[in-house]
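Here are the chains, one letter per residue:
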Amino acid sequence: MKKKSSGKSRGYFLIIMCLVCVLMIGSSFAMLSNYSGTIERESGEVALSFVEGAANNLKSSIDAFKMKAKSLADTVAGMEYESDIDFATRLHRLSKDERFGDVMFVRFFNNDKEYDVSGQVFESEMEAPAVKKTAELRTLSCAGVIADRQYNLSTVAFCVPIDGFDYADMLVVCYPVTSVVTYSASYTTENYENSRFVAFCAAQGEIVRVLYRDENVDVQQHGNIYEILRNEINDKNILDGFRVNVEAGTSEKYTVDVAGDKCIISVCGVRENGNAIFSAVGYYMAEEIYKTGYDVMRVILGEFFVFFALALALGIYGIIERRNNRKLLSTMNDVNKAVGCYSRSKFERVAIEIISRNKATSFAIVVIDINHYDYILEQIGTETMLNIVRHLKVLYNGILGLDESLGYIENGRFALLLHYRQVGDLADRLLPVVALATQHSSQFTDSFSLVLQGGIYTTDRKIADTVTKMIDLAINAENATKFPCDFGSFRIYNETLYASNIQNDYIETHMESALQNHDFKVFYQAKYNIAEDRPDGCEALVRWYNPSRDEYMQPDVFLPLFEANRFIIKLDHYVFEQTCLYIQDAVINGLPLYPISVNASRITASEKDFVKFYTDMKHQYNIADGFITIEFTESFAYEDYDMLRSIVNELHKNGFKCSIDDFGSGFSSYNILKELPMDEIKLDRFFIKDGYSHDRDMKILSSIISLARDLHMKVTQEGVETQEQVDLLRKLGCQVVQGYYYSKPLALTDYIGFLSNEKKLK
Ligand code: C2E
Ligand code: CA
Ligand code: CA
């Protein structure tokens, strides 16, 4: 039982551990994925900050070129010219002056017309729309990259308005892209060396300068940024988003998976007058720009993996261990090591296998017990008992033939599987062994000779389909002491027993309602004092009334069951209360009344509040001290001697008398008389049953009576049926008799009538 519950709690523990592990793994994963999201965001921010740096650098460069263009315009406007041609020629010459940077070419506007430095009107539809748009704004600004068809060159155009000057109202100064789109030394190389590439591109996506590229990426000046990224990434949404950023000159970062690696594209625009003119674009491996974050993550992942692998290994180890243990346990459970015999479970498995293999054979399941096992064990100790049990095993084993088996159940009880032709065969095989066992027991102890008894279930009855049930039915037969034995001390499970099993089912399903309906009736059996020739009292005895059949069921039918299912406690309490009610009623109504004995089963008396319940009720019904005697069975005395003694002492304190019932039926010893302060002993019917044929019995009876009287105990003989018995008992000094000779147990009204008659007779 204990083992089972500890196994159960271990099972719960394992389940809880598994749940905790799953929770831990789940929360770790959540944390990791959260962390990896954070790392991704962080690396995106870093990537963005790099291109922002590059874009700012480019902005400063553009501003510097603006100033150069402006100083060219100022110089031009501050001079005198003879003619338009003179102006154009000198403008051309000045534009080559190094003070104004490496100007590629200049053009100018005058009165909405555009001219080149040869003084010719420039075909305006050839001009880049960006320049026209910028010129119209009339502020010093950069128009971005223009592809000049005339020179077949890409340049960066700056528009410089001039006020109050006759020859021109706006200069367009163009510098080579490579000069403008540059970056200063202050922009540290770290910021692009960890990239796959960093480049500037124009608003149309043309790459105008590659700041850095690693050898794996084919990014070239004059290539198109969209095409390059399309080769790398195939996420259309990201590419479209990226294009929008470049065309609008806005900033953004994108994380993409490229061949299993996390990559980041960052873009930052350079705008002029609200329009995009350039973008700085970076393409990075996330891990390289946020190395620490990814390192931490790798370490955590690694540790996590190790932990997981360890847990898994431990789990597998645990499972294997458990399985091995179970295997070991099951083989251990197969054999009772101390006895050296199959355990019950193994026996059951073996037996069912044999039975189902030999369908045509008649089998019997035989259980053999040691009579009064507990009592003998207490007397001789476990070691001697084990030796006896081992010896029994050898004897039983000796009668086994082919396809027969033996198992040890517990407490000296064995089960045998035997085959037979006729029941007589079983008797022939079992009785000699039983006789031998009794003979041999003197080898182990001289205080007892072993008595064996048994029960048999034969498979032809077909009531049980499992060996477990067959064993139970064989035990059932063995315990059916009210039926005669079939041979020796063996009983075979039969129809009557089957019927009594059915009856047991009825009893167990109806007992509660019977108690509610007051179907349990208390009968009273008078006792008579033969020494003083007067009534002595009575004993309360229960019966179960069946109103539909108008008949009574005797207690020996239902009480053993109530002891097994503990309903006896309720019933004893009920009988006691009914008795108290009767006493109270008789006192109130002035009816003749004598002391009453009630029975208390071992189960009832072992209850914690036993004495309290009886005492409380005694007070409730105002019962005089010494009026009620409580009878305990002799077997209770030797099962728990100390307990009974303390109960008796408590009962005495509370005004009860105590009696020992069925004295002499079991292993009564003089010690019971000596040690337990009883007020009465009730001698078992067995003393007088055979008409005192045995001289020896008489001697014992006589000495018990005189010993009890010496100890001031009342001696009552039960089951007295004849005048002859009364005479003899009187001679032996027995004071009180109870039995049919005087009165049968009577229903309450009959008993009251009986007492009144008695009185009249006196
Ligand atoms: P017991 O206490 O030994 O009761 C005496 C039994 O002997 C009674 O059987 C009674 O009817 C029977 N008896 C009395 N005089 C004679 C006689 O001259 N000859 C024969 N052959 N038998 C006689 P009963 O009423 O069947 O009770 C059987 C047992 O049931 C009782 O044995 C007692 O141990 C138990 N019992 C009865 N009522 C109760 C109860 O309320 N509580 C408990 N715990 N046990 C009870
Ligand atoms: Ca009794
Ligand atoms: Ca008795």
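Residues numbered from 1 in each chain as written. Chains lettered and ligands numbered in written order. Predicted model: local features only at pLDDT ≥ 70, side-chain atom pairs only at ≥ 80, totals over all residues. Heavy atoms only, no water.

Further remarks concern the overall build of the chain. Looking only at helices and strands, the chain features 25 helices and 27 strands. Against the compact-globule benchmark of 27 Å for 762 residues, the chain has a radius of gyration of 57 Å, which places it well outside the compact range. Oriented by its inertia axes, the alpha-carbon framework of the chain measures out at about 175 × 70 × 45 Å. Of all 762 residues assigned to the chain, the portion counted as buried reaches 46%. The long-range fraction of contacts in the chain, counting pairs at least 24 apart against all pairs at least 6 apart in sequence, stands at 61%. Summed over all atoms, the accessible surface of the chain reaches about 39300 Å², with 52% contributed by carbon and sulfur. (Helix = DSSP H or I, 4+ residues; strand = E, 2+ residues; numbered from the N terminus. Rg over C-alpha atoms; globule rule 2.2 N^0.38 Å. Buried < 20%, exposed > 50% of the residue type's maximum accessible area, 1.4 Å probe, protein only. Contact = heavy atoms within 4.5 Å. Areas by Shrake-Rupley, 256 points an atom, 1.4 Å probe, with all protein chains shown as cover.)

With that settled, consider a nonpolar patch on the surface. A cluster of nonpolar side chains, namely I16, V20, M24, F307, F308, L312, I316 and I320, defines an oily patch on the protein surface of about 710 Å² accessible area. It is helix α9 (residues 291-334) that provides the largest number of residues to the nonpolar patch, a total of 5 residues. Inspection of the secondary structure assignment puts M24 in helix α1 (residues 2-77). (Patch = residues over 30% accessible without salt bridge, like charges linked within 9 Å, V, L, I, M, F, W, Y side chains within 5 Å. Salt bridge = Lys/Arg side-chain N within 4 Å of Asp/Glu carboxyl O.)

Here we come to the coordination of the calcium ion (ligand 3). Taken together, the protein ligands of the calcium ion (ligand 3) are D661 (OD), D662 (OD), E718 (OE) and E718 (OE), with distances of 2.1 to 2.4 Å. In terms of primary sequence, the donors binding the calcium ion (ligand 3) are separated according to D-D-x55-E. In this structure, the calcium ion (ligand 3) is positioned 4.2 Å from the calcium ion (ligand 2), and both are ligated by D661. Overall, D661 belongs to the buried group, its relative accessible area being 6%. (Donors = N, O, S within 2.8 Å, 3.2 Å for Na, K, Ca; no water.)

Where two aromatic rings form a pair, the distance of their centres and the angle of their planes describe that pair. The tally for this structure, following the rule as stated, stands at 42 aromatic pairs. Each ring, one from F50 and one from Y284, has its centre 5.7 Å from the other, and the planes form 55°; the classification is tilted. With a gap of 234 residues between them, F50 in helix α1 and Y284 in strand β10 (residues 275-285) connect regions that are remote in the sequence. Geometrically, the ring pair formed by F523 and Y552 is edge-to-face, given 5.0 Å between the ring centres and 75° between the ring planes. One end of the pair, F523, is in strand β18 (residues 520-529); the other, Y552, is in strand β20 (residues 551-553), with 29 residues separating them in the sequence. (Phe/Tyr/Trp six-rings, centres within 6.5 Å; stacked < 30°, edge-to-face > 60°.)

Among the 22 residues in the neighbourhood of ligand 1, the closest are listed as Q525, R543, D572, E721 and Y740. Separating an oxygen atom of ligand 1 from a side-chain N or O atom of D662 is a distance of 3.3 Å. Calculation on ligand 1 without its partners gives an accessible area of 790 Å², and the protein chains cover 83% of this total. Elements with a contribution of two residues or more to the shell around ligand 1: β19 (534-546), α15 (555-565), α16 (568-589) and β23 (657-663). When residues in the shell around ligand 1 are grouped by element, the largest group, 4 residues, is from β19. A class-by-class count of the residues in the shell around ligand 1 yields 8 nonpolar, 5 polar and 9 charged. (Near = heavy atom within 4 Å. Polar contact = N/O pair within 3.5 Å; in protein donor to acceptor, adjacent residues only side chain to side chain. Nonpolar A, V, L, I, M, F, W, Y, C, P; charged D, E, K, R; others polar.)

Moving on, we come to the environment of E680. As for its placement among the helices and strands, E680 is situated in strand β24 (residues 680-683). Sequence separation between E680 and H712 is 32 residues; the distance between their C-alpha atoms is 8.5 Å. What E680 contacts, discounting residues up to four positions off in sequence, is K527, T629, C658, S659, I660, K714 and T716.

By a widespread convention, an interface's size corresponds to the accessible area lost as its parts come together. Here the domain parsing of the chain yields domain 1 (39-289), domain 2 (336-493) and domain 3 (528-539 + 580-761). Placing the centre of domain 2 and that of domain 3 at their C-alpha centroids yields a distance of 38 Å. (Domains from an automatic or database assignment.)

The next point concerns the sheet that holds β10. In any sheet, the strands associate via hydrogen bonds between backbone groups, in a parallel or an antiparallel arrangement. Ordered by their spatial adjacency, 5 strands build an open sheet running β7-β6-β10-β9-β8, and the pairing between neighbours is antiparallel. Whereas interior strands pair on both sides, the edge strands pair on one side only; in this sheet they are β7 (207-213) and β8 (252-258). Mean inter-strand twist for the sheet, computed between neighbouring axes without regard to direction, equals 15°. Where strand β6 (residues 195-202) meets β7, 5 bridges bridge the pair, whose relative direction is antiparallel. Bridge pairing links A199 to V210 in β7. Across the sheet, helix α7 (residues 236-248) touches β6, β8, β9 (261-272) and β10, and the angle it forms with β8 is around 155°. (Pairing = 2+ DSSP bridges. Axes fitted to C-alpha atoms, helices over the stretch in contact; angles between N-to-C directions.)

A side chain with one charge may pair with a side chain of the opposite charge, provided their charged atoms come close. Per the counting criterion, the structure on display carries 35 salt bridges. For D214, the salt bridge goes to R196, with nearest N and O atoms at 4.0 Å. One end of the pair, D214, is in the loop between β7 and α6 (225-232); the other, R196, is in strand β6, and 18 residues separate them in sequence. One salt bridge in this structure joins K570 and E512, with 2.9 Å as the shortest N-O distance. Linking K570 in helix α16 with E512 in helix α14 (residues 495-516), this pair joins segments that are 58 residues apart in sequence. Look at E512 and you get partly exposed, because its relative accessible area is 34%. Here the salt bridges share partners, and the residues they tie into one network are E539, E631, K682 and E718.

Time to look at the coordination of the calcium ion (ligand 2). Within the protein, the atoms that donate to the calcium ion (ligand 2) are E539 (OE), N599 (OD1), E631 (OE) and D661 (OD), at distances of 2.1 to 2.3 Å. In primary sequence terms, the donor set of the calcium ion (ligand 2) follows E-x59-N-x31-E-x29-D.

What describes two packed helices is the angle between their axes and the distance between those same axes. At their nearest, the axes of helix α10 (residues 344-357) and helix α13 (residues 467-479) sit 9 Å apart, and the two run at 105° to each other. Between α10 and α13, the crossing angle belongs to the class labelled roughly perpendicular. Together, R344, F347, E348, A351, I352 and I355 of α10 and V467, T468, M470, I471 and D472 of α13 make up the contact between the two elements. A per-class count over the contact of α10 with α13 returns 7 nonpolar, 1 polar and 3 charged. (Parallel < 35°, antiparallel > 145°, perpendicular 65-115°, else oblique.)

This part covers helix α20 (residues 641-653). Taking 1.5 Å as the rise per residue, α20 with 13 residues should run 18 Å; its terminal C-alpha atoms sit 19 Å apart, in good agreement. Taken as a whole, α20 has its buried residues at L644, I647, V648 and L651. Here the buried residues of α20 occupy an arc of 100° about the axis, which is enough to place them on one side. Across from the buried face of α20, at angles greater than 90 degrees, the exposed residues are D642 and K653. Next to the buried residues of α20 lie α17 (602-605), α18 (610-620), β22 (628-633), α19 (634-639) and β23. Where α20 terminates, the next one or two residues include G655, which has phi positive at roughly 80°. (Expected span 1.5 Å × (residues − 1). Arc of directions from axis to C-beta.)

What follows concerns helix α12 (residues 423-440). In a regular helix each residue adds 1.5 Å, so 18 residues correspond to 26 Å; α12 covers 26 Å between its end C-alpha atoms and thus fits that length. The complete set of buried residues in α12 reads L426, A427, L430, V433, V434 and A437. Looking at the buried side of α12, the elements it contacts are β13 (362-370), α11 (373-398), β15 (413-420), β16 (452-458) and β17 (490-492).

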